[in-house]
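Coordinates in review
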Amino acid sequence: MSWIKFLVILIVVVYALVGLFLFLFQEKMIFQPEPLDPEYVYEFPSEFDELNLEMEDGAVLNALHFKVDQPKGIIVYFHGNAGNLARWGEVVEPFTAYGYELLIVDYRGYGKSTGRRSKQAMLSDAEMVYGVAANLWPQEQIIVYGRSLGSSFACHVAANFQPARLILESPFYSVADVANELAWMYPVSKILSFNFQNGKIADQISASVTLIHGKEDRVVPISSGQKLAKALKQVDTHEIEGGGHNDLAAFKGYWDVIDEVLK
C-alpha cells in the first residue's frame, strides 16, 4: 500500500507542477515575438510607409502600409504568433499585386512594437488598426485577413465593424480548443489568460467569410477550423490537400482561392 500511496502522490504532484508550468508560461507558448532594433530599416520592393501608432496606455504599435497605384481598397492583415514585420512584410507583399493597399501591424512586444500584452489590450489594438484603415477607405472597400493567431483579431474587428470581407487562414474556434489537443487532461479554458474565442463571436460577423485551412495542419487542427466554419453565418471553406500550418502559400489551391476572392 505504501508504494501505491507514493505513486498516487507522485502523479498528483507531477500533474500539479505541469499545470502550474502551463499557467505561468502560457504567454511564452502562445506568443513568440522576435524584437527588432528601433533603428532597423525595412526594405521591400513595393512602396510603403512605416507607421507608429500610439495607444492610450502608452504602447506604440509599429505598422507597415503598402501602397499601390489606383488601389481598389485596402487589406488589413493580422499575422501569426511568431516573427516580426521584417518577415511578415515579405509574406503579405504579394497581395499588393491584386491592386490593394495593405496595412499590417506588429503586436505588442513584436518587432519595434512596445507595450504589455493582455487579451483586452490586444483586441483594443486591433480596433485601432482597423480604424486607421477606415479613416482612409470606406468599409465596403476594406478586407480583413487573419492568419492563425491573427484570426482572433480579424474576427473581433469583423464582429464589431462592417468590412466587405473576412479572410481566415488556418483559424481556430478558440485557443482552448487548440490547447485541448495537447493538454486534454487540464481545464485549459479556466487557466488560459489569452483564450481568444472566435467561435463565440462568429454569429456577430455579417461579412462574407473565406476560410482556408490545410488538411495536414499540425498546429491548429483542421477540426478546429471546421468547428468555426459551422458557427459562421456565411462562409466558403477551402481545405488544402497536403497543406500544413505554415506552407499554404506553396500550394496552387491556396492561390486559386486568393485569385477568386481578390480579383
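Residues numbered from 1 in each chain as written. Predicted model: local features only at pLDDT ≥ 70, side-chain atom pairs only at ≥ 80, totals over all residues. Heavy atoms only, no water.

Moving on, we get to the packing of helix α4 (residues 119-136) against helix α5 (residues 150-160). For any two helices packed against each other, the geometry comes down to the angle between their axes and how far apart the axes lie. Relative orientation of the contacting elements α4 and α5 amounts to 65 degrees, with a least axis distance of 9 Å. Taken as a pair, α4 and α5 cross one another with a handedness that is right-handed. Residues M122, L123, A126, E127 and Y130 of α4 form the contact with α5, whose own contacting residues are S152, F153, H156 and V157. Per-class residue counts for the contact of α4 with α5 are six nonpolar, two polar and one charged. (Axes fitted to C-alpha atoms, helices over the stretch in contact; angles between N-to-C directions. Helix = DSSP H or I, 4+ residues; strand = E, 2+ residues; numbered from the N terminus. Left-handed = near helix turned anticlockwise from the far one by under 90°. Contact = heavy atoms within 4.5 Å. Nonpolar A, V, L, I, M, F, W, Y, C, P; charged D, E, K, R; others polar.)

Turning our eyes to something else, we now look at the side chain of S148. Position of S148 relative to the elements: it lies in the loop between β7 (142-147) and α5. The class of S148 is buried, set by a relative accessible area of 8%. (Buried < 20%, exposed > 50% of the residue type's maximum accessible area, 1.4 Å probe, protein only.)

If you look at the biggest cluster of nonpolar residues, it comprises 47 residues, and the most contacted ones within it are F78, F153, L166, L168 and F196. Per-element tally for this core: the top contributor is α4, with seven residues. If we skip the residues at most four places from it in the chain, L168 touches G146, S151, A154, C155, V209, T210, L211, I212, L228 and L232. Residues L85, I258, V261 and L262 belong to the second largest nonpolar core, which totals 27 residues. (Core = buried A, V, L, I, M, F, W, Y, C linked by side-chain atoms within 4.5 Å.)

Considering all chains together, one arrives at one cavity of 30 Å³ or more under this definition. Taken as a whole, the largest cavity holds about 70 Å³ of empty space. Around the largest cavity sit L61, F78, V105, D106, Y107, R108, M122, D125, A126 and F153, which together line it. In terms of residue count, α4 provides more of the lining of the largest cavity than any other element does, three residues in total. Broken down by class, the residue content of the lining of the largest cavity amounts to seven nonpolar, no polar and three charged. (1 Å grid on protein atoms, 1.4 Å probe; cavity = no way out; pocket = protein on both sides within 12 Å on 5 of 7 lines; lining within 4 Å. Points joined across faces, edges and corners; volume = space filled by probe spheres on them.)

So, about the environment of Q234. Mapped onto the elements, Q234 comes out in the loop between α9 (222-231) and β10 (235-240). Each C-alpha atom, one on Q234 and one on V209, is 6.2 Å from the other, the two residues being 25 residues apart in sequence. A polar side-chain atom of Q234 sits 2.6 Å from the main-chain carbonyl oxygen of S206. (Polar contact = N/O pair within 3.5 Å; in protein donor to acceptor, adjacent residues only side chain to side chain.)

With respect to topology, eight strands assemble into an open sheet ordered β2-β3-β6-β4-β7-β8-β9-β10, the strand pairing being mixed. Two strands lie at the open edges of the sheet, namely β2 (48-54) and β10, each paired on one side alone. When strand polarity is set aside, the average angle formed by the axes of neighbouring strands in this sheet is 20 degrees. Pairing analysis gives five bridges linking strand β8 (residues 165-169) to strand β9 (residues 208-214), with the strands arranged parallel. Among the inter-strand pairings, L168 is bridged to a residue of β9, identified as L211. Sheet strands in contact with α5 are β4 (73-78), β7 and β8, and its direction is about 150 degrees off that of β7. Running over the sheet, α9 touches β8, β9 and β10 and is turned about 165 degrees from β9. (Pairing = 2+ DSSP bridges.)

Next up on the list: helix α10 (residues 252-262). For α10, the complete set of buried residues consists of Y254, V257, I258, V261 and L262. For α10, the angular spread of the buried residues around the axis is 110 degrees, confining them to a single face. More than 90 degrees from the buried face of α10, the exposed residues found are K252 and E260. Tucked inside the fold, the buried residues of α10 contact β4, β6 (100-105), β7, β8, β9 and β10. (Arc of directions from axis to C-beta.)

Between two aromatic rings, the relevant description is the distance of the centres plus the angle of the planes. Summed over all chains, the structure comprises 16 aromatic pairs. Taking 5.0 Å as the distance between ring centres and 50 degrees as the angle between the ring planes, the aromatic pair formed by Y107 and F153 counts as tilted. Linking Y107 in the loop between β6 and α4 with F153 in helix α5, this pair joins segments that are 46 residues apart in sequence. In terms of burial, Y107 and F153 fall into one category: buried. (Phe/Tyr/Trp six-rings, centres within 6.5 Å; stacked < 30°, edge-to-face > 60°.)

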